[in-house]
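# Chains, contacts and geometry: an overview
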Amino acid sequence: MNVTKLNQIYEGKAKKVFKTSDENLYIVEYKDDATAFNGVKKGTITGKGVINNKMSNIMFKLLEQNGIKTHFVEELSDRETLVKAVKIVPLEIIIRNVAAGSFSKRYGVEEGTILKNPTLEFSLKDDALNDPLINNSHITALNIATEQELKNISDMAYKINDVMKKFFAGIGIKLIDFKIEAGRFQNEIILADEISPDTCRFWDAETNKKLDKDRFRRDLGNVEEAYQEIFSRITNK
């Protein structure tokens, strides 16, 4: 698609976003920067930007094939993708299949415990407030999203979980949990942001080896190798 990259309008912990000559399209550029604990821990994961860009696009295409609308338009390069110019709903949308991370700490549940059913939780997307948990009535009271939008987001999140659990099981990976973001585009809620080892917990189905950003968070080592392994499994399927 013939568009021109214009000025940068946003830079987050993992990506930059640029306007284009088409007001309905942005360009997202993925970085190798790595952060944890809302930016308290910082570092670099060499090659992460390339893997996260390409993996996200593979997953977006898979989800589109399963009836889930996303912001994906076209992969432009190893690190850049053309996307729909969504207005992000300031929520982190988290689905959990297995207890891990903050869920285990918060509720005193042993990490690795399989949950009776997938759980859905929302966090307010605000690093300064440490991304606090927020419930549906808070979200509507603060005019962050309407009840209908929340229903659409929830339905989308559970459907994404069903599709991704099946996909990753097919390549020997347990989908422990994941975080997604939603955006408004032409009066519709669609999937945005990314799907990558930065935003998902992936464990090897046989060994429970962690193949995600927990290796960086917890100083487990072999971070680049873990990102490359999950990407290799996806692309060699």
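Our subject in this report is the structure included herewith.

With that out of the way, let us pick up the packing of aromatic side chains. Inspection of the entire model under this criterion finds 3 aromatic pairs. Their ring planes at 85° and their centres at 5.1 Å tell us that Phe167 and Phe168 sit as a pair that is edge-to-face. Of the two residues, Phe167 and Phe168, both sit in the buried class. An angle of 40° between the planes, with centres 4.7 Å apart, marks the rings of Phe168 and Phe202 as tilted. Of this pair, Phe168 sits in helix α4 (residues 147-169) while Phe202 sits in strand β14 (residues 200-204), and the two are 34 residues apart along the sequence. Put simply, the rings of Phe167, Phe168 and Phe202 pair up and form one aromatic cluster. For Lys5, the ring lying beneath its charged end belongs to Phe18, and the centroid distance is 4.1 Å.

Secondary-structure assignment places Asp177 in strand β12 (residues 173-185). At 3.4 Å, the side chain of Asp177 and the side chain of Arg96 are in polar contact. The residues touching Asp177, leaving out its near neighbours within four places in the chain, are Ile95, Arg96, Ala100, Cys200 and Arg201.

So, on to the environment of Ala169. On the secondary structure map, Ala169 appears in helix α4. Note on Ala169: relative accessible area 53%, which makes it exposed. On a C-alpha basis, the gap between Ala169 and Ala205 in space is 7.7 Å, while along the polypeptide they are 36 residues apart.

Right, let's get into helix α1 (residues 48-65). Between its terminal C-alpha atoms α1 stretches 26 Å, which fits the 26 Å expected from 18 residues at 1.5 Å a residue. Lys48, Gly49, Ile51, Asn52, Asn53, Met55, Ser56, Asn57, Met59, Phe60, Leu62 and Leu63 are the residues of α1 that are buried. Looking at the residues trailing α1, positive phi occurs at Gly67, about 85°.

In terms of burial, β12 is largely enclosed, as 11 of its 13 residues are buried. Note: strand β8 (residues 87-88) against β12, 2 bridges, orientation antiparallel. When the bridges of β12 are listed, Lys87 appears paired with Arg184. Count of turn residues in the β12/strand β13 (residues 188-192) antiparallel hairpin: 2 residues, of which Gln186 carries a positive phi of about 50°.

The subject of this paragraph is empty space enclosed by the protein. Summed over all chains, the structure comprises 1 cavity of 30 Å³ or more. Lining the largest cavity, in full, are Val28, Tyr30, Asn53, Asn57, Phe60, His71, Thr81, Val83 and Asp193. Listing elements by their share of the lining of the largest cavity, those giving two or more residues are β3 (25-30), α1 and β7 (80-84). The biggest single contributor to the lining of the largest cavity is α1, with 3 residues. Considered class by class, the residues forming the lining of the largest cavity number 4 nonpolar, 4 polar and 1 charged.

We now examine the packing of α1 against helix α6 (residues 223-235). Between α1 and α6, the least distance of the axes is 10 Å, while the angle of their chain directions is 30°. Relative to α6, the element α1 lies roughly parallel. In the packing of α1 onto α6, the handedness of the crossing is left-handed. On α6, the residues touching Lys48, Ile51, Asn52, Lys54, Met55 and Ile58 of α1 are Tyr227, Gln228, Ile230, Phe231, Ile234 and Thr235. For the contact of α1 with α6, a count of residues per class yields 7 nonpolar, 3 polar and 2 charged.

Cut-offs used in this document
- All chains use their own residue numbering, which begins from 1 and follows the written sequence.
- Local features in this predicted model are restricted to residues whose pLDDT is 70 or higher, and side-chain atom pairs enter the listing and the counts only when it is 80 or higher, whereas totals over whole chains, interfaces and linings include all residues.
- As a convention, hydrogens and water are excluded, and side-chain values are obtained from all of the structure's heavy atoms.
- Here a pair means two rings of Phe, Tyr or Trp (six-membered ring of Trp) with centres within 6.5 Å. Their orientation is stacked below 30 degrees between planes, edge-to-face above 60, and tilted elsewhere.
- Exposure classes here rest on a 1.4 Å probe applied to the protein chains alone. A residue is buried below 20% of its type maximum, exposed above 50%, and partly exposed in between.
- Numbering of helices and strands runs from the N terminus; a helix is a DSSP stretch of H or I covering at least four residues, while a strand is a stretch of E covering at least two.
- Over a ring means this: the NZ of a Lys or the CZ of an Arg is within 6 Å of the ring centre and within 35 degrees of the ring normal.
- Under the rule applied, a polar contact is a pair of N or O atoms within 3.5 Å (in protein, one hydrogen donor and one hydrogen acceptor; residues adjacent in sequence only if both atoms are side-chain atoms).
- The criterion used for residue contact is that any of the two residues' heavy atoms lie within 4.5 Å.
- For a helix, the expected span equals 1.5 Å multiplied by the number of residues minus one.
- When DSSP finds two or more bridges between two strands, those strands count as paired.
- Site definitions follow a grid-based scheme: protein atoms alone, a 1 Å grid, a 1.4 Å probe that fits but cannot get out for cavities, and for pockets an open set with protein on both sides within 12 Å along at least five of seven lines, plus lining residues having an atom within 4 Å of a point.
- Grid points are joined across faces, edges and corners, and a volume is the space filled by probe spheres set on the points.
- Residues were grouped as follows: Ala, Val, Leu, Ile, Met, Phe, Trp, Tyr, Cys and Pro as nonpolar; Asp, Glu, Lys and Arg as charged; and all remaining residues, including Gly, as polar.
- Between N-to-C directions, angles span 0 to 180 degrees; the directions come from axes that are lines fitted to C-alpha atoms, helices contributing only their stretch in contact.
- For this classification, under 35 degrees means roughly parallel, over 145 means roughly antiparallel, 65 to 115 means roughly perpendicular, and everything else is oblique.
- By definition, turning the near helix anticlockwise from the far helix through less than a right angle yields a left-handed crossing, and turning it clockwise yields a right-handed one.

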